[in-house]
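# What the coordinates show
The primary structure of each chain is shown beneath.
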Amino acid sequence: MAQQKGSSNKKRRRRRRARRGGAPAVLILLCLLVGTVAIITAMTIFFKIRTITLTGDTRYSEEYVAQASGLEPGDNLILFNKFAAIDSIFQACPYLDTVQMRRRYPDGIEILVTECVPAAVLEDAPDTAPDPKDPEKTLPVGGTGSWLISLDGKLLEKTAVSAQYTLTRISGITLSQPEVGKYANFFDEDDKKPLFLLLNTAADDGILQDIGEVDFSRQYDISFTYLDRFTVKIGSTENLEEKLCYLHLIVEDKLGANARGTLDLSDVRTARFIPTTD
């Protein structure tokens, strides 16, 4: 009997300890809940956007970019959707190349931007494509006008011939559904690689600003005007860097300052200069 009584007392003591041990766990959960509510309340009440500042050289005003972001004074500094705001800025500001947003506590947003640089004017050449409803017929494509384009292919604006842009003009290429702020798509995708290879190589070489018009009507027979005195035939863009080296060598070392004519660099091994006779 004594053993049974002792065993019963032990069980009662264990149950009492178990009941006392459960209380701290409940208190911890309550504290965590209260703390979470307090943090959310503080975020909602205290961290409000009051100022939006713009950093970076751009044609867009601070007020315009702030409006484009969709953010307004009083919006929550922590909970707003940064990625949606950046996307809205890109849609409203096609010249922007990069956009970053930084929270400046306790109440500021800083928008950091860089701009695309116009590299050329691309004249969208008219063409025809088979009618999907009737393959025996064709539909007109292209011919949408002139577009300012960056070195990486972003269409910055649709433009008329303008005195403010003394840029290389590209002809002989047809765009596919061009749209301001989007990257160029081409009716003939094979045009893409040689076009940007030429633009970027010429830019790296430092002569892009001296190229007037580029005829891309035939990818294997590309030509451009140079220094307002020469027509340069490069054929394809194969071995382009070598061809530009020969261009410098001939124009700067072999020809006089008043020379005019056609430089055929389609094959550098047989490069030749044909002077203008007028």
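This write-up is about the structure you can find in this document. (Residues numbered from 1 in each chain as written. Predicted model: local features only at pLDDT ≥ 70, side-chain atom pairs only at ≥ 80, totals over all residues. Heavy atoms only, no water.)

A few words now on unusual backbone geometry. With omega at 15°, the peptide bond leading from Tyr105 into Pro106 counts as cis. Along the chain, Pro106 falls in the loop between β2 (96–104) and β3 (108–115). Here the phi dihedral of Gln177 falls at roughly 50°; this positive angle occurs in a residue that is not glycine. Given the relative accessible area of 74%, Gln177 is considered exposed. Located in the positive-phi region is Asp228, a residue other than glycine, with phi close to 60°. With respect to the helices and strands, the residue Asp228 is situated in the loop between β11 (222–226) and β12 (230–235). (Helix = DSSP H or I, 4+ residues; strand = E, 2+ residues; numbered from the N terminus. Buried < 20%, exposed > 50% of the residue type's maximum accessible area, 1.4 Å probe, protein only.)

Let's shift gears to the pairing of strand β9 (residues 168–173). Here strand β4 (residues 118–124) pairs with β9 via four bridges, running parallel. Bridge pairing links Leu122 to Ile170 in β9. Bridge analysis of β9 against strand β10 (residues 211–215) gives three bridges, and the strand direction is parallel. In the sheet register, Ser171 faces β10, and the bridge partner there is Asp215. You can see the chain leave β9, run along helix α4 (residues 192–205) and come back into β10, and the turn it takes is left-handed. (Pairing = 2+ DSSP bridges. Right-handed = clockwise from strand over helix to strand, strands pointing away.)

Moving on, we get to the pattern of salt bridges. What the rule picks out here adds up to six salt bridges. With a closest N to O distance of 2.6 Å, Glu110 and Arg104 form a salt bridge. Judged by its relative accessible area of 41%, Arg104 falls in the partly exposed class. Taking the shortest distance from any N to any O, the salt bridge between Arg218 and Asp221 comes out at 2.9 Å. (Salt bridge = Lys/Arg side-chain N within 4 Å of Asp/Glu carboxyl O.)

Further remarks concern a nonpolar patch on the surface. Taken together, the side chains of Ile28, Leu29 and Leu32 present a nonpolar region at the surface, about 330 Å² in accessible area. Accessibility expressed as a relative area gives 54% for Leu32, which makes it exposed. (Patch = residues over 30% accessible without salt bridge, like charges linked within 9 Å, V, L, I, M, F, W, Y side chains within 5 Å. Areas by Shrake-Rupley, 256 points an atom, 1.4 Å probe, with all protein chains shown as cover.)

So, on to helix α5 (residues 240–254). For the α-helix, the turn length of 3.6 residues means that residues three or four positions removed from each other point alike. An ideal rise of 1.5 Å per residue puts 21 Å on 15 residues; α5 measures up with 20 Å between its terminal C-alpha atoms. Within α5, burial applies to Leu240, Lys243, Leu244, Leu247, His248, Ile250 and Val251. Check the buried side of α5 and you find it contacts α4, β11, β12 and β13 (261–264). (Expected span 1.5 Å × (residues − 1). Contact = heavy atoms within 4.5 Å.)

For the rest of this paragraph, the subject is the layout of surface pockets. One number sums up the size of the largest pocket: a volume of about 210 Å³. Every residue along the wall of the largest pocket is listed here: Asp87, Phe90, Gln91, Pro94, Lys154, Glu179, Val180, Gly181, Lys182 and Tyr183. Its residues assigned to classes, the lining of the largest pocket comprises four nonpolar, two polar and four charged. (1 Å grid on protein atoms, 1.4 Å probe; cavity = no way out; pocket = protein on both sides within 12 Å on 5 of 7 lines; lining within 4 Å. Points joined across faces, edges and corners; volume = space filled by probe spheres on them. Nonpolar A, V, L, I, M, F, W, Y, C, P; charged D, E, K, R; others polar.)

Our focus in this paragraph is α4. Compared with the 20 Å implied by 1.5 Å per residue over 14 residues, the 20 Å span of α4 between its first and last C-alpha is a close match. Those residues of α4 that fall on the buried side of the exposure criterion are Pro194, Leu195, Phe196, Leu198, Leu199, Thr201 and Ala202. A positive phi of about 85° marks Gly206, the residue just after α4.

This part takes up the nonpolar core. In this structure, Ile170, Leu195, Phe224, Tyr226, Val232 and Leu247 are the most contacted members of the largest nonpolar core, which totals 36 residues. When residues of this core are traced back to their parent elements, those giving at least two are β4, β7 (145–150), β9, α4, β10, β11, β12 and α5. If we skip the residues at most four places from it in the chain, Leu247 touches Ile207, Phe224, Tyr226, Val232, Leu263 and Leu265. If you look at the next biggest cluster of nonpolar residues, it comprises 25 residues, including Val65, Phe80, Cys93 and Val113. (Core = buried A, V, L, I, M, F, W, Y, C linked by side-chain atoms within 4.5 Å.)

This part covers the sheet that holds β13. In any sheet, the strands associate via hydrogen bonds between backbone groups, in a parallel or an antiparallel arrangement. Spatial ordering of the open sheet is given by β8-β7-β4-β9-β10-β11-β12-β13-β14, a layout of nine strands whose pairing is mixed. In the strand order of this sheet, the two ends are held by β8 (155–159) and β14 (272–275), each with one partner. Shown here is a sheet whose adjacent strand axes are inclined to one another by a mean of 20°, direction ignored. α4 rests against β4, β7, β9, β10, β11 and β12 of the sheet, and its axis sits at about 165° to β9. Across the sheet, α5 lies against β11, β12 and β13, angled at about 35° from β11, the strand it touches most. (Axes fitted to C-alpha atoms, helices over the stretch in contact; angles between N-to-C directions.)

On their own, these measurements won't tell you what the molecule is for.
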